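Structural characterization, general
Listed below, chain by chain, are the residues.
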Amino acid sequence: MPQHPMLSGDRFRLGTFSTNCSSGMTPTKVPERWDNSWDNNLKLAKMLDEAGIDFMLPIARWIGYGGETDFHGGVLETMTWAAGLLAATKNIAVFATIHTAANHPVVVAKQMATIDQIGHGRAGLNIVAGWNKPEYEALGLTLPDDHETRYGYAQEWFDLIRKLWESDDHFDWDGKYFKATKVKGNPKPIRGTVPIINAAGSPQGREFATDNANFLFTPAIDLERSKTEIADLKAQAKAKGRDVKVLTFSHVICRPTEAEAQAFLQYTAVDNADHEAVDNLVRLQFAHAHSFPHDLLAQIKHLFAMGHGGFPLVGTPDQVAEGILKLHATGFSGTTLSFVDYVEEFPYFRDNVLPKLEAAGIR
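Because the structure is predicted, anything quoted here is derived from the model rather than measured.

1. Examining the packing of aromatic side chains
According to the stated counting rule, one finds 14 aromatic pairs in the structure shown. An angle of 55° between the planes, with centres 5.1 Å apart, marks the rings of Tyr-153 and Phe-178 as tilted. Of the two residues, Tyr-153 is situated in helix H5 (residues 147-166) and Phe-178 in the loop between strand S5 (171-174) and strand S6 (179-183); the sequence distance between them amounts to 25 residues. Of the residues examined, Tyr-153 reaches a relative accessible area of 21% and is grouped as partly exposed. Put simply, the rings of Trp-34, Phe-339, Tyr-342, Phe-346 and Phe-349 touch in pairs and so form one group of aromatic residues. The ring of Phe-171 is capped by Lys-163, whose NZ or CZ atom sits 5.3 Å from the centre of that ring. If you follow Arg-255 out to its NZ or CZ, it ends over the ring of Phe-264, 4.4 Å from the centre.

Okay, here's the thing in structure tokens:
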């Protein structure tokens, strides 16, 4: 059986992020912004697969962020999205992003096992313990104020999923948050489990991630700060006998000249930013999540207008490759890539940046 594409080899992993969401990662009003139609996602997935990109990671959203574009108001549901893309590709890993509060673990365990069969062992699970209070309210749920409750719930949620994947017999479950009678996991993932991604900023979240995840997902705002953060996270995982790799996310504007790249950044993220959506997004992140360092608010607000807070990879192919090499040198094991229009812009990145990364020995 071949190894999972996310767990084999030591290359710097590259993926895409948020292609299932309207406007992708860029809250901009320009007409070129990403159209998250199924046809566009399918076209992109096949393109990424042929280019050797490692994974696709979606965002699960239930309501948008408002503004003129209602940023992320249109979203393809991630489990069915992943199933379709796994059926249409050959090598790339595809993750489903699942909110623990909105999805019963017995159902998720079977869904994940099913899509892993569809993809012949290429599925992955991104676990979200909850942070976006308006989404909870939209679903008639209450977001716990304390992180201990959120992650206590998430831990039992995932413990039940693992039990379903590990046990060959029917069993009962009598937990604090879940009750189940005579349940059994059949089918199971092809390898008995799938790679787990978790984005966590709070101390409780990082305990959960280092206990359970293969990849911890965190922003790269200040690379010197990231070096310390990555070292601490790896030490925390190692103390538990685990190896957890750290991923980040980046936004790409790659053009033949730096002037062209900067002009497109100005056009999309300054002149035509959906400022109301940006303000709503930043306010929610800082009210209910600990993913971003709060002392860097001004810098982060510009990065949110550009690419949802992603590390900026703006410039010529040489400059974009240099930025990715900096992320690698910092200690990250990979990054997602976003573009204003993924289908239109990825081929230039593929043809002009990927060869430079391969020549540098990180791919």
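2. A word on helix H3 (residues 105-118)
Spanning 14 residues, H3 covers 20 Å between terminal C-alpha atoms, matching the ideal 20 Å at 1.5 Å per step. If you check which residues of H3 are buried, you get Pro-105, Val-108, Ala-109, Met-112, Ala-113, Ile-115 and Asp-116. Those residues of H3 hidden inside the fold are in contact with helix H2 (78-88), strand S3 (93-99), strand S4 (123-128) and H5. One or two residues past the end of H3 sits His-120, with phi positive at roughly 50°.

3. Side note on unusual backbone geometry
The residue after Asn-186, namely Pro-187, is reached through a cis peptide bond having omega 10°. Of note in this structure, Ser-23 is not a glycine but carries a positive phi near 70°. Tracing the chain through its elements places Ser-23 in the loop between strand S1 (13-17) and helix H1 (38-51).

4. What to know about the nonpolar core
Met-112, Ile-115, Trp-157, Ile-324 and Phe-349 are the most contacted members of the largest nonpolar core, which totals 87 residues. The element that contributes the greatest number of residues to this core is H5, accounting for eight residues. Non-local contacts of Ile-324, meaning those with residues more than four positions away in its chain, are made with Phe-12, Leu-313, Phe-349, Val-353, Leu-357 and Ile-362. In this structure, Ile-221, Val-278, Leu-284 and Val-314 belong to the second largest nonpolar core, which totals 24 residues.

5. Details of the pairing of S5
For a regular strand, the rule is simple: side chains alternate between the two faces of the sheet. A one-sided burial pattern is seen for S5, the buried positions being Phe-171 and Trp-173 and the unburied ones Asp-172 and Asp-174. Looking at chain direction, S5 and S6 are connected through three bridges and run antiparallel. Each residue of the ladder has a partner; that of Trp-173, found in S6, is Ala-180.

6. Some thoughts on the pattern of salt bridges
A complete count under the given rule lists 15 salt bridges for this structure. Across the salt bridge formed by Asp-54 and Arg-11, the nearest N and O atoms sit 2.7 Å from each other. Separated by 43 residues along the polypeptide, Asp-54 in the loop between H1 and strand S2 (55-57) and Arg-11 in the segment before S1 bring together distant segments of the chain. Asp-54 gets classed as buried once you look at its relative accessible area, which sits at 3%. Exposure remark for Arg-11: the relative accessible area of 23% places this residue in the partly exposed category.

Criteria and cut-off values
Residues numbered from 1 in each chain as written. Predicted model: local features only at pLDDT ≥ 70, side-chain atom pairs only at ≥ 80, totals over all residues. Heavy atoms only, no water. Phe/Tyr/Trp six-rings, centres within 6.5 Å; stacked < 30°, edge-to-face > 60°. Helix = DSSP H or I, 4+ residues; strand = E, 2+ residues; numbered from the N terminus. Buried < 20%, exposed > 50% of the residue type's maximum accessible area, 1.4 Å probe, protein only. Lys NZ or Arg CZ within 6 Å of the ring centre and 35° of its normal. Expected span 1.5 Å × (residues − 1). Contact = heavy atoms within 4.5 Å. Core = buried A, V, L, I, M, F, W, Y, C linked by side-chain atoms within 4.5 Å. Pairing = 2+ DSSP bridges. Salt bridge = Lys/Arg side-chain N within 4 Å of Asp/Glu carboxyl O.

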